[in-house]
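Report on the structure
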Amino acid sequence: SQNSDHHLLVIGCSSWQNTNDDEDMKYKVGCVLLPSLLSFCASFSSPNNINKNSIKPPTPTFLNHKKRPIQKVVVVGGTHGNEYTGVWCIKALSRHAAKISSQYPSLTIETLLANPEAHYENKRFIHSDLNREFSQDKLLGEEGLPLTVERLRAQEVNELLGPKFGENHPSTDVIVDLHTTTTNMGICLIVPEGDVEMIKAAAYVSHKVCGGVNEGECRILVHSILDRNERPNLGSIARHGFTVEVGPVPQGVLRHDAVEKTEKVIHYFLEYLEKQNKNEQNINTLLEEWYPEGQLTIFKAAKACEEGQLCGRIRWPSDPENPNFPQFLVHKSLQDRDFHKIQKGDALFVDLDGNVINYSGSHGEEVYLIFVNEGGYYYSSSGTGLGVAVKRKIGIEDGMIRRYYEKKSITP
């Protein structure tokens, strides 16, 4: 609710877990009433006070999942405020807390509405994309950076679920970040290369969703930033991050089929973790049966060329009068054809005069396009353009891609 003096922002988590008595379930909801944005910004404790010398430099390693079992899982919706599916799903999880807890007794499952301000206004964000606010510079309050709604919210979320940086391990084992896309991506599971636990989870979920037969039903996208500390997305706060994209879904719209697909992924993901906690050998045996070569077909995102991005893009130029309005149309031959291959010389864009701009081969002779004409990528804060990927094999036991793709050019 909102009046002239206050904004109600839910910044706590809903959580449930078994107590010693299986019949006695605990359920808690945390929230806080914050003053209006202006007075809140004025009273916010400056992140510049953080001692950066106490922060360890980034290292290209993952927190070792074998040293500590996965217990605390936070399911996040509304990272982008106009993506309603995730918000619906976390509400449903909260409503059926007792049932969920009994299904997955080894897990403490919490939910978080990531960007309540943007969600209430049915906007992707208020000032900047929240899913780009979790880099070291932004979280530690680099001098001169404006304290936007999303930057302040990132600080809060980092306190709740992290910390991402510092001597202490994050309090959260896994963040499951729920998204929808306006593009024809189907069900897409996004995980980091090298995170064996999340690669195995994605392999399990993918097989359960599509039966290991129809690749088009569920795809796995591996992003290109190995070092967790360098990733700018919300999921990088936790020890492990697992992102779910379902599309096509218009912004600010709820679709029953999209909700069902997302809930199916959540169920199988939690099922994997529960089985892993109970008997790791059984899970490994299952994966060996399903993937006898020990490898998984995935799509590897092109290397990000801009700071604050997770993957490379073929950029379109923006209108000089409006940075969120493109000067090029996406060519009709590409529309709704996510994960389809294009080759050098194929049509990419059309300009105002009707001229066709062809693919120059900047990311390789043959590539796959992803997030084709994504509505969220019209915003300069989110990064404009078409996503680029290549098809690869990844080892299930080591989580590493068998061939690397390192092109950096961003021109068409």
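First, a word on what this report is: a plain description of the structure on this page. (Residues numbered from 1 in each chain as written. Predicted model: local features only at pLDDT ≥ 70, side-chain atom pairs only at ≥ 80, totals over all residues. Heavy atoms only, no water.)

Along its length, the protein carries nine helices and 20 strands. The contacts in the protein between residues at least 6 apart in sequence include a share of 74% that link residues at least 24 apart. Carbon together with sulfur atoms contributes 49% to the accessible area of the protein, which is approximately 18,200 Å² in total. (Helix = DSSP H or I, 4+ residues; strand = E, 2+ residues; numbered from the N terminus. Contact = heavy atoms within 4.5 Å. Areas by Shrake-Rupley, 256 points an atom, 1.4 Å probe, with all protein chains shown as cover.)

Take unusual backbone geometry next. G162 connects to P163 through a cis peptide bond whose omega is 10°. Secondary-structure assignment places P163 in the loop between helix 6 (149–161) and strand 7 (174–180). With an omega of 10°, the peptide bond between G247 and P248 qualifies as cis. Of note, P248 is situated in the loop between strand 10 (240–247) and helix 8 (256–278).

Mapped onto the elements of the fold, F328 is located in the loop between strand 14 (322–326) and strand 15 (329–330). Once the C-alpha coordinates of F328 and W316 are considered, the two residues, 12 residues apart in sequence, prove to be 6.2 Å apart. Once you skip the residues sitting within four places of it in the chain, F328 turns out to touch W316, P317, F349, V350, D351 and I357.

Take the packing of aromatic side chains next. Following the criterion strictly, the structure yields 10 aromatic pairs and no others. When the ring of F299 is compared with that of Y368, the centres are 5.3 Å apart and the planes differ by 75°; the resulting orientation is edge-to-face. Of this pair, F299 sits in strand 11 (residues 295–301) while Y368 sits in strand 19 (residues 366–370), and the two are 69 residues apart along the sequence. A relative accessible area of 15% places Y368 in the buried class. In textbook terms, an aromatic cluster arises when at least three aromatic residues are bridged by ring pairs, as seen for W316, F328, F349 and Y378. Between the NZ or CZ atom of R313 and the centre of the ring of Y377, over which it lies, the distance is 3.6 Å. (Phe/Tyr/Trp six-rings, centres within 6.5 Å; stacked < 30°, edge-to-face > 60°. Buried < 20%, exposed > 50% of the residue type's maximum accessible area, 1.4 Å probe, protein only. Lys NZ or Arg CZ within 6 Å of the ring centre and 35° of its normal.)

Right, let's talk about the pairing of strand 19 for a bit. Looking along a regular strand, one sees side chains alternate from face to face of the sheet. Counting buried positions along strand 19 gives four out of five residues, so the element sits mostly inside the fold. Bridging between strand 16 (residues 341–343) and strand 19 involves three bridges; their strand directions are antiparallel. Paired with Q343 across the bridge in strand 19 is E366. Two elements, strand 19 and strand 20 (residues 386–395), share three bridges in a ladder whose sense is antiparallel. Bridge pairing links I370 to G387 in strand 20. (Pairing = 2+ DSSP bridges.)

What follows deals with the sheet that holds strand 17 (residues 347–350). One open sheet holds the three strands; their spatial order is 15-17-18, and the pairing between them is antiparallel. Where the open sheet ends on each side, the last strands, each with one partner, are strand 15 and strand 18 (356–358). Where strand 17 meets strand 18, three bridges bridge the pair, whose relative direction is antiparallel. What sits directly across from V350, in strand 18, is V356.

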